[in-house]
Amino acid sequence: MFHIPVFIQTTALLVLSNVFMTFAWYGHLRHLSSRSWIVAALISWGIALFEYLLQVPANRIGFSQFSLAQLKILQETITLSVFVPFAIFYMGQPFKTDYIWAALCLLGAVYFIFRS
C-alpha cells in the first residue's frame, strides 16, 4: 500500500481547504454584491462547510507530527499562497510588491517555527 507523508497530506488538504475558504470569504464580493448581506452570508457558510470538511482532517493529520504553532504558520503561509493568485486572477486586483514582502515575512516565520 502506498503511504503519503503526513506533511504532504496536511498541506494538500489545507490548500484545498483554503481555496474554499477564500471563495467563502471573498467570492461574494464579485458575484453577490447586488444581493443582501444575509444571502451572501448563507451562501458563504455553505461554501465554508467544504472548507471545514477538509481543514479539520488536515489539522488532525498534521497534529500527529507537527506542533500547534507549526500547523498555524503552515496554514497562514498556504493562505497567502492561495489568496494572492485569487486576488489577482479571479478578483482582478493589481499585483502589489507588498505581496512579496508579506511572503518573505511568512518565510521567516516558517523558518523560525520549523527549525530544530
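Residues numbered from 1 in each chain as written. Predicted model: local features only at pLDDT ≥ 70, side-chain atom pairs only at ≥ 80, totals over all residues. Heavy atoms only, no water.

Novice: Sorry, what's going on with the overall build of the protein chain here?
Specialist: The number of helices and strands found in the protein chain is four helices and zero strands. In the protein chain, the succession of α and β elements from N to C terminus is α-α-α-α. Along the first, second and third principal axes, the C-alpha atoms of the protein chain reach 50 × 35 × 25 Å. Looking at the protein chain as a whole, 31% of its 116 residues qualify as buried. Across the protein chain, every contact between residues at least 6 apart in sequence was considered, and the portion connecting residues at least 24 apart equals 80%. Surface summary for the protein chain: the accessible area is close to 7,900 Å², and the carbon and sulfur share equals 72%. (Helix = DSSP H or I, 4+ residues; strand = E, 2+ residues; numbered from the N terminus. Buried < 20%, exposed > 50% of the residue type's maximum accessible area, 1.4 Å probe, protein only. Contact = heavy atoms within 4.5 Å. Areas by Shrake-Rupley, 256 points an atom, 1.4 Å probe, with all protein chains shown as cover.)

Novice: How should the packing of aromatic side chains be read in this particular structure?
Specialist: Ring pairs (aromatic) are described by centroid distance and by the angle formed between their planes. Under the criterion given, the structure shown has 10 aromatic pairs. Aromatic pair Phe23 and Phe86: ring centres 5.0 Å apart, planes at 80 degrees, arrangement edge-to-face. Remark: Phe86 occurs in helix H3 (residues 68–90) and Phe23 occurs in helix H1 (residues 6–31); sequence separation between them is 63 residues. A relative accessible area of 30% places Phe23 in the partly exposed class. Through a chain of ring-to-ring contacts, the aromatic side chains of Phe7, Phe66 and Phe114 assemble into a single cluster. Over the face of the ring belonging to Tyr90 we find Arg30, whose NZ or CZ atom lies 4.4 Å from the ring centre. (Phe/Tyr/Trp six-rings, centres within 6.5 Å; stacked < 30°, edge-to-face > 60°. Lys NZ or Arg CZ within 6 Å of the ring centre and 35° of its normal.)

Novice: Can you help me understand the packing of H3 against helix H4 (residues 97–114) in this one?
Specialist: The relative placement of two packed helices is expressed as an angle between their axes plus a distance between the axes. In contact at an axis separation of 9 Å, H3 and H4 are set at 160 degrees when each is read in the N-to-C sense. When the interaxial angle is binned, H3 and H4 end up roughly antiparallel. Judged by the sense of rotation from one axis to the other, the crossing of H3 with H4 is left-handed. In contact with Ala69, Gln70, Ile73, Glu76, Thr77, Leu80, Val84, Ala87 and Ile88 of H3, H4 contributes Tyr99, Ala102, Ala103, Leu106, Ala109, Val110, Ile113 and Phe114. (Axes fitted to C-alpha atoms, helices over the stretch in contact; angles between N-to-C directions. Parallel < 35°, antiparallel > 145°, perpendicular 65-115°, else oblique. Left-handed = near helix turned anticlockwise from the far one by under 90°.)

Novice: What is the right way to look at the side chain of Thr11 in this model?
Specialist: Within the element layout of this structure, Thr11 appears in helix H1. Apart from the residues lying within four places of it in its own chain, the contact partners of Thr11 are Leu74 and Ile78.

Novice: I keep staring at the UniProt feature "transmembrane region" (unreviewed entry) in the protein chain and nothing clicks. Help me out?
Specialist: When the UniProt feature table is mapped onto this chain, "transmembrane region" (unreviewed entry) is found at residues 6–25, 37–53, 73–92 and 99–114. The distance separating the terminal C-alpha atoms of residues 73–92 is 27 Å; by composition the span is 90% helix and 0% strand. (UniProt positions renumbered as here; feature names shortened; annotations may be inferred.)

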